[in-house]
Amino acid sequence: MLSFIARSIIQKTITLFFVSVVSFLIIHLAPGEPSQVDPLNPKFTPEMLERFRQEFHLNEPLYAQYIHFYKDLFTGRIVSWKDNRSVLAKIWERFLNSLPLFVVGTLLTWTLSFPVGIRSAIYRGGLYDRSVTFLAYLLISIPGFFFAYILIILVVTTLHVPVIGMETFGLDTSSWGCMLMDRVWHLLIPSILGATGGIAVLSRYVRSQMLEVEGQDYVRTAKAKGLPPDVVHYKHALRNALLPFVTMFGLILPGLIGGSVIIESIFSWPGMGRMAYEAILARDYPIILTVNFISAVLVLAGTFVSDLLYLVVDPRIRL
Amino acid sequence: MVTKRFLILMPMLVMVFLFQSYLWVPTYEEQTTGNPDRLYQYITPSLGDATSLNPIISSNSTSSQIESLVFEGLLDRDEELRFRGRVARSWDIFEEAYFYVNSGAPVPAAGFVDGPGIVQFIETAKKKADSLPPEVRETLRRIQKIVLIPPEERSVVKALKSPSGNQPVRKIRVHIQAPARIKMTLAEINQDLFTNLSRLLGEDYFTSFDPVPFVRADPSVDRQLLARWAGELLPVTEHNPVIVFHLRPDVRFHDGRILTAEDVRFTYQAVMDPANLSPRVSDYEPVKTVEVVDPLTLRIVYKRLYSPALATWGMGILPKHLLNREALRKEARMLGRDPDTFTMRQSRFDRHPVGCGPFQFDRWESDQFILLKRFNGYWEGPPNYHRYVMRIIPDLLTQEMEFYSGTLDSYQVQPHQVKRLEKDPRFQCFSGTSFGYTYIGYNLRRAPFDDVRVRRALGMAINVDHIISYVLYHQGERITGPFAVQTDYYDHRIPPLPYDPEGAVELLNQAGWKRNEDGWMEKDGKRLEFTLITNSGNDIRKAILAIAQDAWKQIGIDVRTDVLEWSVFIQERVNKLDFDALVLGWVMGIEPDLYQIWHSSQTHPHQLNFVGFQNLKADELIIKIRQEYDHAKQVAYCHELHRLIAQEQPCTFLYVGKWTAVLDRRIVIKDLEQNGLMLYKKITPTKTGDYTFHFNKWIKLAEMPQFSEE
Amino acid sequence: MRNTQYPITDTQQALEALSAPKKTRLHELWALFRENRLAVIGLVIFVLFLLTAVSGVILTSGQNPVFDPAMVRLQEKLLPPFTRPHLKALQPAQVPTLGIYLFGTDNLGRDVFSRMLQGAWVSLTVGFVAVGISVLVGVFMGGIAGYFGHESICLDHILAILVLSAGAIFLFMGWIGTGAACMAAGFIYTAVCLFARTRTGQAQRRGIFRMRAISVDTVIMRMVDIMLCFPSFFLILTVVALVPASMYNIMIVIGLTSWMGTARFVRAEFLSLREQDFVTAAKALGVGNFRIIFRHMMPNAVAPVLVSATIGIATAILTEAGLSFLGFGVPPPHATWGNILSDGKGFIFDAPWLTFIPGVAILIVVLCFNLFGEGLRDAMNPKLRERG
């Protein structure tokens, strides 16, 4: 066990190192200069440019820039080129904004997918199953931003309530209950949008896992024994079908960053994805690289956690 | 089965929790849900952030919108566009006119007279004026006082730059022995004063005055230069319009200090201070002196006749005690900056303004919102709204959605939306004509545009109504001249050019252009062809480009079109006068001052009369309008000029755009009647379409109001 | 060489003919596929979409296209679908070909129908080329990892690569002398090694330089891991924003960031195929590695690749639309469905068709690709086949 942990930590660190190198190279070898050091920008005098380049080590060779960057990152001194604010502080602030979106989205995904998937596995081939299957494909195929606009149009034209932003503007004088519920309401639509794809994929996965298990001999035995169908489905079959999902808990971690760019920019949500998008627009390399690095860490941590969970949950695997 | 129930109940609970939040959120209909203060807030959107909130520094529309609420000027314009006193209770305008006694010119029936003689002469003429022509009589009637200023001696230092520029500047002392001068005080400003006086004093009484003998340069300079300086230093006649403002005694700044004439003078000095780089310098350049007579009286003397002068005093008044030299030095020291180079531009006042307007500044979150609170000590009584919020939302669609959901109170409608939003019972719509017009300008220096018949023909070939209805969705109005349509200066009797392609061909034939066998217009073997340009980024101008090209092709004119990037368009083509014809727009002010755009002295590169309009009659009228203080006369001159320009067609005037704004219908005017009763009124736009005129009396009601007149 | 190979192929064909005749297998597949009605609909729409895209590119390109997607008619802005043009306000050349705006017009008065036609081709190209790139890279990487996985990379390989890449970097940085020297050294060493190898066959020269460092499989799988660490949409967005905007860059970037799945599939497939008897037999007969890979193993591994490619096209189309939506998509003058949608979103309350037509079109095409792909997967799934 310990050796497994040690081994995978070493392996993941090496991977992380390569990821950092690759992302650094992608950003720095791409043509064009960050807009702040763009010599075509008339606002910058040559002296300012030179100072800027020195301050951010842009005159040094790539490997030195790389070392500077990651040294600053690990000591927490890295600052954004755009406003000279600490990158980590900025990310933390935006992360707190994105977090509720992520939590509610995940909650919706995981609570909805199971009953839907299980039911369609039980009634395999029936009308319910077929329509759920079709719906799942529909939800996977719909472009997220298009869906977002459909929902916005519906809500705005029929309910006349605000949907954009994190909260209704000018509500700062009302009671905390109102403010809380207002925030929940603003969370609702973006998190539904964030969850649709997840619900579709996960419910399909639940269905196929259930089908697989339902085909096993012990389930057939249980059925033959005359146990009530609910007991067979929910006790015998579900328990074993659940196993692979435990590991998936680890894999949802990276969702914290990726995928929310479009939804956050439609809803003017000041979250991580939007920050990353704005950083890309402004060529704010420290932020892009840091976001990239953090998301790589999350991916690796996610797989690590899921491996560990598998170890804990599945008695068949022993190291 | 517990698992089953759990699996089904969990998502249900989550969903129910999430969806019930809807009940807590204020909707458009129930904006007070959980937020009763909403009715006392006015929230308005803006596409861009403000730059500075100091009225003498900023020059963008968001800034000036906020400034108009935080600051207050001496006066503004009322519903009919007449001047209305704000900080100033009232004002008097009169004139002080001077002329030097020209002892070398004979006065009819009196011979050569000295100073006291002239005074005497005019006084007598005034007494028995009945025999004089009416306009001279009228002029004499206005003269209230005549004073003789005895001869005086003074000297000034002039700096002389060497022509090559590499020698140091020479300082030359000029001694002046000014002759006696007559000062007249006129009850009303009269630009014809000296013309009329010369009928009394002799044709060349003023023109023959030679100032050169009265000046002496030390060390001496060449004659020509001396003559020029003499002309500047001893102007034979001088109009000095004077405005005396009487301020209200009870106007306070938001920090409680009483506003006095000192503050007004300080504001003027701040604008003129080169360190502040104020974009408003040109407005106050004609001012000679600003003197504080007493704390509530201010006397402003102008160097010359300048009729737009009064309007410039609508600018917000700065508090002297917060921005004077000492205050700025103190602030600089606090911030650790060099007190000598620290100016108003660096001051914290820029982002925390203090004025005397109906709202006081509260908070400004960059790129998010600017928050104003109402000012309870406002001299006219505090506004009904408690808060004014300007939200910065760069995306129009987001603005629109926020408006539909009740988190914005107003929305600037785009032309294609007007029809739909006008019908919506939840909103009230206001529309008005904007102050900008779009035109096709021709470079009159180039053939064939030097021929008025060609210009008329070009204008007649274009169906402007067609542009207005299809391109602008009817959100535009045809115009015929360069004055603002809302004002009296615009002459509505002038008919627009008819849409008449055949007539256009006829006119071209008269001008010597004939169709050749390919159908193109031709003269002396040269085809009628030119390039029509405009700037990129404006779809409407691009559409006009295409429509004009097509229309002109119909009458046999070969037009190429080109869309240029704005900086190239302005710097390379317009400023260098390198174009045949262009589609562009002007934004007009209320003041009918056309000097910069239409006067023949402004036709050089980098000046605004780039179409090259030169007309002696028009020049004369433009100057007259500039110097006329009498509204009726000004209007008459404007109409004359308008007709002249419409005749000359230096450019094809197309249309002025219309704007439309929507407001929540529940916003009404709440006013106290004289008998103490509360009265709610529907918001009605003023004659000029300004619906926010009574903004201080606006308030939002919880329910949709029903008005009896509806 | 040729002579020796003919009989083998013949034998194999004969063997195949005996065990599972090809025709019947296809038939069987089709029969299974046909049962899935959704998948058949998907296929039909897929074919329709192909036809539309091809006819779209023919009808909308050239000097005088039948449908001009770039024709601006500002007099005809924001007309709803099925409106007739105001003939009075138009020149003859501006009248739409069909005499009607089938899908309405956009904010510049361009005919949305023509733009959709053109966009269909762009979407299709982006989808196919991007997936083509990703399949090529994926199959190549997966194939190497699966087939040569056991082979090891030795220190001298690493050294040679290091020297070569150092040379490339030097050249890139302008130190031409050093760079050229490094490159030359690297090439000479590689050539010597290859020459020695062909001379001595599989000669085992042991020494410090021939130490086994790491297996090929590990290297490739680590690369896959590294690629998977990047949040894919964010990575694509970054790269697309940094490189100059063009349709080809977008296709390449999407392709290069989505090959990992295919690589894993192919590797797994190859690992199991390699142990099978027919491969061993081929090897024993001295058939070359490449021939084994492409002639014998690839046809057996193609099914999952095909399925993932079909779904990959759907994903690529969605990704392109998302990029267009954020303003990083295929630049004008190309109209893409994503472009039309993102340009039209500002008019959502006044001209909803500008959002709905491209949105629904993307939805339908992506949906049919997904359904078709899933149907294919089901039909090829041996477990389901047993049951059926």
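Residues numbered from 1 in each chain as written. Chains lettered and ligands numbered in written order. Predicted model: local features only at pLDDT ≥ 70, side-chain atom pairs only at ≥ 80, totals over all residues. Heavy atoms only, no water.

(A) Seen up close, the overall build of chain B. Scanning chain B for helices and strands turns up 21 helices and 28 strands. Overall size of chain B, expressed as C-alpha extent along the three principal axes, is 125 × 80 × 65 Å. Expressed as a percentage of the 710 residues in chain B, the buried residues total 54%. Summarising the internal contacts of chain B: among those between residues at least 6 apart in sequence, 70% fall at separations of at least 24. Working note: accessible area of chain B is about 32,500 Å², and carbon and sulfur atoms make up 51% of it. If the 86 positive side-chain charges of chain B are averaged to one point and the 90 negative ones to another, these points end up 3 Å apart. (Helix = DSSP H or I, 4+ residues; strand = E, 2+ residues; numbered from the N terminus. Buried < 20%, exposed > 50% of the residue type's maximum accessible area, 1.4 Å probe, protein only. Contact = heavy atoms within 4.5 Å. Areas by Shrake-Rupley, 256 points an atom, 1.4 Å probe, with all protein chains shown as cover. Lys, Arg positive; Asp, Glu negative; His and termini not counted. Charge placed at Lys NZ, Arg CZ, Asp CG, Glu CD.)

(B) Structural context of the domain arrangement of chain B. Residues and elements named next belong to chain B. Each assigned domain of chain B is listed with its residue range as follows: domain 1 (93–241) and domain 2 (436–659). In this complex, domain 1 contributes five residues to the contact, which on the side of domain 2 involves six residues. Taken as a group, Ile-189, Gln-191 and Asp-192 account for 77% of the area that domain 1 buries against domain 2, more than any other trio of residues on that side. The tally of links from domain 1 across to domain 2 stands at zero salt bridges. The interface formed by domain 1 and domain 2 includes two residue pairs in polar contact (both at pLDDT 80 or more). Split into classes, the residues belonging to the side of domain 1 that touches domain 2 amount to three nonpolar, one polar and one charged. (Domains from an automatic or database assignment. Buried area = accessible area lost by both parts, 1.4 Å probe. Salt bridge = Lys/Arg side-chain N within 4 Å of Asp/Glu carboxyl O. Polar contact = N/O pair within 3.5 Å; in protein donor to acceptor, adjacent residues only side chain to side chain. Nonpolar A, V, L, I, M, F, W, Y, C, P; charged D, E, K, R; others polar.)

(C) Quick look at the interface of chain C and chain B. Facing the 15 residues of chain C at the interface are 16 residues of chain B. For the pair chain C and chain B, the summed buried area comes to about 1,400 Å², and 60% of that belongs to carbon and sulfur atoms. Between the two partners, chain C and chain B, sit one salt bridge. Close ionic contact of C:Asp350 with B:Arg420 constitutes a salt bridge, the shortest N to O distance being 2.9 Å. Linking chain C to chain B there are two residue pairs in polar contact (both at pLDDT 80 or more). Here the residues of the side of chain C that touches chain B sort into seven nonpolar, four polar and four charged.

(D) Up close: the packing of helix H1 (residues 2–29) of chain A against helix H12 (residues 285–313) of chain A. Residues and elements named next belong to chain A. Where H1 contacts H12, the two axes come as close as 10 Å, and the packing angle between them is 155°. The orientation of H1 relative to H12 falls into the category roughly antiparallel. Both H1 and H12 take part in a crossing whose hand is right-handed. In terms of residue class, the contact of H1 with H12 is built from 17 nonpolar, seven polar and two charged. (Axes fitted to C-alpha atoms, helices over the stretch in contact; angles between N-to-C directions. Parallel < 35°, antiparallel > 145°, perpendicular 65-115°, else oblique. Left-handed = near helix turned anticlockwise from the far one by under 90°.)

(E) Structural context of helix H7 (residues 176–214) of chain A. Relative to the 57 Å expected for 39 residues at 1.5 Å per residue, H7(A) spans just 49 Å between its end C-alpha atoms, considerably shorter than the ideal helical length. At A:Ala195, H7(A) shows its maximal bend, which comes to roughly 35°. (Expected span 1.5 Å × (residues − 1). Bend = angle between axes of the 7 residues up to and from the residue.)

(F) Seen up close, the sheet that holds strand S12 (residues 297–302) of chain B. All names here are of chain B. Ordered by their spatial adjacency, six strands build an open sheet running S5-S8-S4-S10-S12-S11, and the pairing between neighbours is antiparallel. The sheet is open, and its two edges are formed by strand S5 (143–149) and strand S11 (287–294), each paired on a single side. In this sheet, adjacent strand axes meet at a mean angle of 20° when their direction is disregarded. Where S5 lies against strand S8 (residues 181–186), six bridges are found, and the strand directions are antiparallel. Residue pairing for S8: Ile-143 is matched across the bridge by Leu-186. Contacting strand S4 (88–100), S5 and S8, helix H3 (residues 115–127) crosses the sheet at an angle of about 170° to S5. The sheet strands contacting helix H5 (residues 193–201) are S4, S5, S8 and strand S10 (237–247), and the helix crosses S4 at an angle near 40°. (Pairing = 2+ DSSP bridges.)

(G) View of the interface of chain A and chain C. Listed by partner, the interface residues are 46 residues for chain A and 44 residues for chain C. Per-residue buried area on chain A facing chain C is highest for A:Tyr137, A:Phe145 and A:Phe146; these three make up 16% of the total on that side. Counting the contacts that link chain A with chain C gives zero salt bridges. Elements with a minimum of two residues in the side of chain A that touches chain C: H1, helix H5 (127–141), helix H6 (144–159), helix H10 (261–266), helix H11 (272–282) and H12 of chain A. Looking at the side of chain A that touches chain C, its residues break down into 33 nonpolar, nine polar and four charged.

(H) Focus on the state of the cysteines. By the definition in use, this model includes zero disulfides over all chains. Of all cysteine sulfurs in the structure, the one in B:Cys651 sits closest to B:Cys638, which takes part in no disulfide; the separation is 17 Å. (Disulfide = S-S within 2.5 Å.)

(I) Region of interest: unusual backbone geometry. All names here are of chain B. With omega at 5°, the peptide bond leading from Ala-447 into Pro-448 counts as cis. Counting through the fold element by element, Pro-448 comes out in the loop between strand S17 (427–442) and helix H14 (452–461). Not every positive phi belongs to a glycine, and Leu-577 is a case in point at roughly 60°. As for its position among the elements, Leu-577 is in the loop between helix H18 (566–574) and strand S24 (581–587). Taking relative accessible area as the criterion, Leu-577 reaches 12% and is therefore assigned buried.

(J) Focus on the side chain of B:Arg142. Residues and elements named next belong to chain B. When you line up the elements, Arg-142 lands in helix H4 (residues 134–142). For Arg-142, a relative accessible area of 9% gives the class buried. With sequence-adjacent residues up to four places away left out, Arg-142 is seen in contact with Thr-185, Leu-186, Ala-187, Glu-188, Ile-189, Asn-190 and Lys-633.

(K) Up close: the pattern of salt bridges. Residues and elements named next belong to chain B. Tallied over the entire structure, the rule returns 57 salt bridges over all chains. Measuring nitrogen to oxygen at the nearest pair gives 2.5 Å for the salt bridge that ties Arg-199 to Glu-135. In this pair, Arg-199 is assigned in helix H5 and Glu-135 in helix H4, connecting sequence segments 64 residues apart. Its salt-bridge partner being Arg-560, residue Glu-529 comes within 3.8 Å of it at the nearest N-O pair. Note that Glu-529 is positioned in strand S22 (residues 529–535) and Arg-560 in strand S23 (residues 558–564), a separation of 31 residues in sequence. By relative accessible area, Arg-560 is classed as partly exposed at 41%. Each of Arg-38, Asp-409, Asp-664, Arg-666 and Lys-700 takes part in a single network of salt bridges with overlapping partners.

(L) Structural context of the nonpolar core. Ranked by size, the top nonpolar core spans 166 residues in total, and within it A:Ile266, C:Phe270, C:Leu326, C:Trp337 and C:Phe369 carry the most contacts. In terms of residue count, helix H12 (residues 289–325) of chain C provides more of this core than any other element does, 16 residues in total. Setting aside chain neighbours within four positions, we find C:Phe369 in contact with C:Phe46, C:Phe49, C:Phe128, C:Thr310, C:Ile313, C:Ala314 and C:Ile317. Membership of the second largest hydrophobic core comes to 79 residues, among which are B:Val454, B:Ile462, B:Leu528 and B:Val656. (Core = buried A, V, L, I, M, F, W, Y, C linked by side-chain atoms within 4.5 Å.)

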